[in-house]
Amino acid sequence: MSGKVAIIFGVGAVHGLGAALARKFASEGMNVLLAGRTQEKLGKAAESIAEGGGKAATAIADVTRPDEVARAFDAAEKLGELEAVLYNAGNNAIIPFMELTPERFEEFWRVGCLGGFHVGQEAVRRLLPRGHGSILFTGASGSLRGKANFAHFASAKAALRNMVQSMAREFGPQGLHIGHVVIDGVINGEMARSRFQAYLDKLGDDGALEPDAIAEAFWALHEQPRSAWTHELDLRPFKENW
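No experiment lies behind these values; they were computed from the predicted model shown.

## Some words on the sheet that holds strand β1 (residues 4–9)
Now for step 1: The 7 strands are arranged β3-β2-β1-β4-β5-β6-β7 in an open sheet whose pairing can be described as parallel. Both outer strands of the open sheet, β3 (56–60) and β7 (232–235), are each paired with one neighbouring strand and no more. Between one strand axis and the next, the sheet turns through 20° on average, direction left out of account.
Now for step 2: Judged from the 6 bridges that link them, β1 and strand β4 (residues 81–87) form a sheet pairing that is parallel. Among the inter-strand pairings, A6 is bridged to a residue of β4, identified as A84.

Pasting the structure below:
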């Protein structure tokens, strides 16, 4: 192991994007800290990394609570030198606009945007004194446009995107690589399989984004030389209508 550390917020099912990100960074020799709200899921994801010869630790963390975010960072730094911070926390649901309650609207904003603020601020606090490291955020189609029945989701993701742009402009010149990855399409993970298997079948082969393929793009961002950084990357299946 290199002693370099990546912390991934928003790790859930083994066959989800958060776990795929953790596996990729671990496979490249980094120690990884998996942060999420469910210990059972974190444990299974950590086991999958260990089976591949990687090193992983876990931390329970609700991204809407800054104290829990800070404790997760503390745990990560016990593994070595922090080099990469990935924010993958998020939630989604189809909700007609007139059925939205203020509480439900705020719930999506707290996970989709406020959590990113807590993680981003803590990441800068830890990385800026050393003048290097990457902070990468998972975006969505809703980061760019609002579809019917997704006002709650699109507003949160668009807010996150603009916050990340501001961070990049402020801290990029100080050595921190801050990136945003737009996932424009359905991820072929456990959540989609359990809820929308018929829709995935309709999309056909390679019609949904594979978590491991997305993880490759995140790693490429992390590895970029600073003379040619990418701030925003958009990913979609070859047959996606965009």
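More follows now that the structure is in view.
## Observations concerning unusual backbone geometry
Now for step 1: One non-glycine residue with positive phi stands out, namely N149, at about 75°.
Now for step 2: Within the secondary structure, N149 is located in the loop between β5 (134–140) and α5 (151–171).
Now for step 3: Look at N149 and you get partly exposed, because its relative accessible area is 34%.

## Overview of the pairing of β1
Now for step 1: Of all 6 residues that make up β1, 5 are buried, and the element is covered over most of its length.
Now for step 2: Of the pairings in the sheet, the one linking β1 to strand β2 (residues 31–36) comprises 5 bridges and is parallel in character. Each residue of the ladder has a partner; that of F9, found in β2, is A35.
Now for step 3: Each parallel crossover has a hand, and the one from β1 via helix α1 (residues 17–27) to β2 is right-handed.

## Here we look at the nonpolar core
Now for step 1: One finds I7, F9, F73, V85, I135, F137 and I178 to be the most contacted residues of the largest nonpolar core, which totals 32 residues.
Now for step 2: Per element, the largest residue contribution to this core is 6 residues, and it comes from α5.
Now for step 3: Ignoring any residue separated from it by four or fewer positions in sequence, one finds I178 in contact with I135, F137, V164, M167, A168, F171 and H231.
Now for step 4: Core analysis: the second largest hydrophobic core is formed by 30 residues, A6, I8, A84 and F218 among them.

## A word on the packing of helix α3 (residues 66–77) against helix α4 (residues 102–127)
Now for step 1: Interhelical geometry of α3 versus α4 gives an angle of 40° and a closest axis separation of 10 Å. One finds that α3 runs oblique with respect to α4. For the pair α3 and α4, the sense of crossing is right-handed. Contacts between α3 and α4 involve P66, V69, A70, F73, D74 and E77 from the former and H118, V119, E122, A123 and R126 from the latter.
Now for step 2: Taken together, the residues of the contact of α3 with α4 break down into 6 nonpolar, 1 polar and 4 charged.

## Here's the deal with α3
Now for step 1: Here α3 spans 17 Å end to end across 12 residues, near enough to the 16 Å set by a 1.5 Å rise per residue.
Now for step 2: Listed in full, the buried residues belonging to α3 are E68, V69, A70, A72, F73 and A76.
Now for step 3: At its buried positions, α3 is contacted by β1, β2, β3, β4 and α4.

Conventions adopted
Residues numbered from 1 in each chain as written. Predicted model: local features only at pLDDT ≥ 70, side-chain atom pairs only at ≥ 80, totals over all residues. Heavy atoms only, no water. Pairing = 2+ DSSP bridges. Helix = DSSP H or I, 4+ residues; strand = E, 2+ residues; numbered from the N terminus. Axes fitted to C-alpha atoms, helices over the stretch in contact; angles between N-to-C directions. Buried < 20%, exposed > 50% of the residue type's maximum accessible area, 1.4 Å probe, protein only. Right-handed = clockwise from strand over helix to strand, strands pointing away. Core = buried A, V, L, I, M, F, W, Y, C linked by side-chain atoms within 4.5 Å. Contact = heavy atoms within 4.5 Å. Parallel < 35°, antiparallel > 145°, perpendicular 65-115°, else oblique. Left-handed = near helix turned anticlockwise from the far one by under 90°. Nonpolar A, V, L, I, M, F, W, Y, C, P; charged D, E, K, R; others polar. Expected span 1.5 Å × (residues − 1).

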